[in-house]
Amino acid sequence: MVQVTLKRGDITRVEVDAIVNAANSGLRGGGGVDGAIHAAGGREILDACVQLRRTVLPGGLPTGQAVATTAGRLPARHVIHVVGPVYDPVEDRSALLRSAYTEALRVADDLGAASVAFPAVSAGAYGWPLDDAARLAVTSVLGATTAVREVRFVLFDERTHRAFTAALAAAS
Ligand code: ADP
């Protein structure tokens, strides 16, 4: 089974095989963790994203899906871009958020990645309530069938770290 660890910090600095980006469908970079990854990783990541849009993803990366690029100057070897769902208080989109995690692990398996770091997908600009985002993240990863050995959740602030700590305790 995959080993899950939690860490507070900046995902761009983490030395794992692959880090996951909470991207947007256009793969053009943006704010939050997406902006941080492109800023720290350099032009190579954006060039790879543009190339994907020109070839296999003309309509963009669908919500709940994942695709890999180079990690440019980052210490990680790959960036796995996922698009989490925007939170909707009426429509239950949790299957799409689960899918973002499991699809990222599927792409990690294709890459032969043994260690993967995730941010709190959809828990920032996309507005997902933090405790629920943490629960869905942790249970999706623990329930996934994958060859990835270590998943590290890298949480940017104390509040998010606390929510993931509680979710992991509840799930273990
Ligand atoms: P989304 O649009 O999927 O909600 P955001 O980037 O807005 O994505 O937020 C997702 C999470 O990533 C938030 O908890 C935010 O605080 C966090 N975050 C922002 N920058 C970083 C970073 N450098 N490393 C790790 N997490 C980050």
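Residues numbered from 1 in each chain as written. Predicted model: local features only at pLDDT ≥ 70, side-chain atom pairs only at ≥ 80, totals over all residues. Heavy atoms only, no water.

A word on the side chain of Arg152
Then comes step 1: With respect to the secondary-structure elements, Arg152 resides in strand E6 (residues 150-155).
Then comes step 2: Owing to a relative accessible area of 18%, Arg152 belongs among the buried residues under this scheme.
Then comes step 3: In this structure the side chain of Arg152 is engaged in a polar contact, spanning 3.0 Å, whose partner is the side chain of Glu150.
Then comes step 4: When near neighbours in sequence (up to four residues on either side) are disregarded, Arg152 contacts Thr5, Lys7, Val14, Glu15, Val16, Val116, Ala117 and Phe118. (Helix = DSSP H or I, 4+ residues; strand = E, 2+ residues; numbered from the N terminus. Buried < 20%, exposed > 50% of the residue type's maximum accessible area, 1.4 Å probe, protein only. Polar contact = N/O pair within 3.5 Å; in protein donor to acceptor, adjacent residues only side chain to side chain. Contact = heavy atoms within 4.5 Å.)

Let's talk about the packing of aromatic side chains
Then comes step 1: Scanning the entire structure with this criterion turns up five aromatic pairs.
Then comes step 2: Ring centres of Tyr87 and Trp128 lie 5.1 Å apart, and the angle between their planes is 70°; this geometry places the pair in the edge-to-face category. Here Tyr87, found in the loop between strand E4 (78-82) and helix H3 (94-111), pairs with Trp128, found in the loop between strand E5 (115-118) and helix H4 (130-143); they are 41 residues apart in sequence, far enough to count as distant.
Then comes step 3: The class of Tyr87 is partly exposed, set by a relative accessible area of 33%.
Then comes step 4: Residues Phe118 and Phe153 carry aromatic rings whose centres are separated by 5.9 Å and whose planes lie at 35° to one another, so their mutual orientation is tilted. In this pair, Phe118 is assigned in strand E5 and Phe153 in strand E6, connecting sequence segments 35 residues apart.
Then comes step 5: On the basis of relative accessible area, Phe118 is assigned to the buried category, the value being 0%.
Then comes step 6: Residue class for Phe153 comes out buried when judged on its relative accessible area of 0%.
Then comes step 7: Through pairs of rings, three or more aromatic residues link up here, namely Tyr101, Phe118, Phe153 and Phe164. (Phe/Tyr/Trp six-rings, centres within 6.5 Å; stacked < 30°, edge-to-face > 60°.)

Structural notes on the site of the ligand
Then comes step 1: The immediate surroundings of the ligand are formed by 16 residues, with Asp10, Val33, Ser122, Gly124 and Ala125 found nearest.
Then comes step 2: Within the backbone of Ile11, a nitrogen or oxygen atom sits 3.0 Å from a nitrogen atom of the ligand.
Then comes step 3: Contacts to the ligand include Tyr126, whose backbone N or O atom sits 3.0 Å from an oxygen atom.
Then comes step 4: Alone, the ligand offers 570 Å² of accessible surface; in the complex the protein occludes 90% of this.
Then comes step 5: With three residues, the top contributor of residues to the shell around the ligand is helix H1 (residues 32-41).
Then comes step 6: By residue class, the composition of the shell around the ligand is ten nonpolar, four polar and two charged. (Near = heavy atom within 4 Å. Areas by Shrake-Rupley, 256 points an atom, 1.4 Å probe, with all protein chains shown as cover. Nonpolar A, V, L, I, M, F, W, Y, C, P; charged D, E, K, R; others polar.)

Structural notes on the environment of Pro75
Then comes step 1: Within the secondary structure, Pro75 is located in the loop between strand E3 (66-70) and E4.
Then comes step 2: C-alpha separation for the pair Pro75 and Val121, spaced 46 residues apart in sequence, amounts to 21 Å.

Some remarks on the pattern of salt bridges
Pairs may arise between side chains of opposite charge once their charged atoms sit close together.
Then comes step 1: Scanning all chains against the criterion turns up nine salt bridges.
Then comes step 2: Among the ionic pairs, Arg8 bridges to Glu158, the shortest N-O distance being 3.2 Å. Taken together, the positions of Arg8 in strand E1 (residues 3-8) and Glu158 in helix H5 (residues 158-171) put the pair 150 residues apart, joining distant regions of the chain.
Then comes step 3: With a relative accessible area of 45%, Arg8 lands in the partly exposed category.
Then comes step 4: Overlapping salt bridges, with partners in common, bring together Asp88, Glu91 and Arg93 in one network. (Salt bridge = Lys/Arg side-chain N within 4 Å of Asp/Glu carboxyl O.)

Comments concerning helix H2 (residues 43-54)
Then comes step 1: Compared with an ideal rise of 1.5 Å per residue, which puts twelve residues at 16 Å, H2 spans 17 Å between its outermost C-alpha atoms and is within 8% of the ideal.
Then comes step 2: Turning to H2, the residues buried within the fold contact H1, E3 and E4. (Expected span 1.5 Å × (residues − 1).)

By themselves, these observations are geometric and do not establish any function.
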